[in-house]
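# Analysis of the macromolecular model
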Amino acid sequence: VTVYTTAGSQDKCEACQKAGAKLAINYSKEDFEQVINNDTDGQGVNLVLDMVAGESLKTNLKVLGVGGRISIIGSLAGAECEISMKDLMSRRLTIGGCFLRSRDDTTKARIAIELHENIWPFLENGDITVRIDSVFDMEDAALAHQRMESNKHIGKIALRIHEKMC
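In this report, we go over the structure that sits alongside the text. Treat the numbers as computed from the prediction; the structure is a model and nothing was measured.

Let us look at the overall build of the chain. Each helix and strand counted, the chain has seven helices and seven strands in total. The N-to-C order of helical and strand elements in the chain reads β-α-β-α-β-α-β-α-β-α-α-β-α-β. Dimensions of the chain along its principal axes, counting C-alpha atoms only, are 60 × 40 × 35 Å. For the chain, the computed accessible surface area is about 11900 Å², with 53% contributed by carbon and sulfur atoms. Where the 20 positive side-chain charges of the chain centre and where its 24 negative ones centre are 3 Å apart.

A few words on the sheet that holds strand E3 (residues 45–50). If you trace the three strands from one edge of the open sheet to the other, you get E3-E4-E5, paired in parallel fashion. The open sheet has two free edges, formed respectively by E3 and strand E5 (94–97), since each of these has just one partner strand. Taken pair by pair, the neighbouring strands of this sheet meet at an average axis angle of 15 degrees, ignoring direction. As paired strands, strand E4 (residues 64–72) and E5 are joined by four bridges and run parallel to one another. Following the sheet pairing, Ile-72 is matched in E5 by Gly-97.

Under the counting rule described, the total for this entry stands at six salt bridges. Lys-58 is the salt-bridge partner of Glu-55, the closest N and O atoms lying 2.9 Å from each other. On the basis of relative accessible area, Glu-55 is assigned to the partly exposed category, the value being 47%.

Next up on the list: the pairing of E3. Sheet topology note: the E3/E4 ladder contains five bridges and is parallel. In the strand pairing of E4, Leu-49 is matched with Ser-71. The β-α-β motif built from E3, the intervening helix H3 (residues 56–62) and the parallel element E4 has right-handed crossover chirality.

A separate point is the nonpolar core. The biggest cluster of nonpolar side chains holds 15 residues, and the ones touching the most others in it are Ile-36, Val-45, Val-48, Leu-61, Val-63, Leu-64 and Ile-70. Looking at this core, the element that brings in the most residues is E4, giving three residues. Those residues in contact with Val-45, other than ones at most four positions away along the chain, are Tyr-4, Ile-36, Thr-40, Val-63, Leu-64, Gly-65 and Gly-68.

Here we come to unusual backbone geometry. Trans peptide bonds make up the majority, and among non-glycine residues the majority have a negative phi. Not every positive phi belongs to a glycine, and Asp-41 is a case in point at roughly 50 degrees. Take Asp-41: it is sitting in the loop between helix H2 (32–39) and E3. Its identity as a non-glycine residue notwithstanding, Ala-53 has a phi of 60 degrees, on the positive side. Looking at the secondary structure, you find Ala-53 in the loop between E3 and H3. Owing to a relative accessible area of 7%, Ala-53 belongs among the buried residues under this scheme.

Next up on the list: the side chain of Asn-60. Examined against the element boundaries, Asn-60 turns out to sit in helix H3. On the basis of relative accessibility, which here comes to 7%, the residue Asn-60 falls in the buried class. Reaching out from Asn-60, the side chain makes a polar contact with the side chain of Asp-50 at a distance of 2.8 Å.

Criteria and thresholds
Residues numbered from 1 in each chain as written. Predicted model: local features only at pLDDT ≥ 70, side-chain atom pairs only at ≥ 80, totals over all residues. Heavy atoms only, no water. Helix = DSSP H or I, 4+ residues; strand = E, 2+ residues; numbered from the N terminus. Areas by Shrake-Rupley, 256 points an atom, 1.4 Å probe, with all protein chains shown as cover. Lys, Arg positive; Asp, Glu negative; His and termini not counted. Charge placed at Lys NZ, Arg CZ, Asp CG, Glu CD. Pairing = 2+ DSSP bridges. Axes fitted to C-alpha atoms, helices over the stretch in contact; angles between N-to-C directions. Salt bridge = Lys/Arg side-chain N within 4 Å of Asp/Glu carboxyl O. Buried < 20%, exposed > 50% of the residue type's maximum accessible area, 1.4 Å probe, protein only. Right-handed = clockwise from strand over helix to strand, strands pointing away. Core = buried A, V, L, I, M, F, W, Y, C linked by side-chain atoms within 4.5 Å. Contact = heavy atoms within 4.5 Å. Polar contact = N/O pair within 3.5 Å; in protein donor to acceptor, adjacent residues only side chain to side chain.

Take a look at the structure:
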């Protein structure tokens, strides 16, 4: 599997490459469509995991190879975008999307069980790791939000819940 990713700073790009990305493209300084198309000799990629959506969907479609697919899991840049159906159909592209929060409890429970059975073993044996940027006590949740809003974190920001709070 070859992984390309985008990030908004050089530090974040370096962290992505240390985590295994072939290329980490600084979207504030580079044209990721051009970089990916150059690196893939114009063949594009097979899959885009899109957390931004909105108008960026147009560029994400451009980096897909024939038969490629996009999985939209967030819409930070908005929920609407005009795209070319001709391009979508001629290159046999697939767009899918999913929100977890709108799923019913039975589906969420099934997903939790599948994660526990299929993903947790990789976490437990260290094949998959989660990068933690910082940990805050629950009482300092406002500081955690400040850290997140600064956009300087690299990895997850976690809240520590003490037993007395449970």
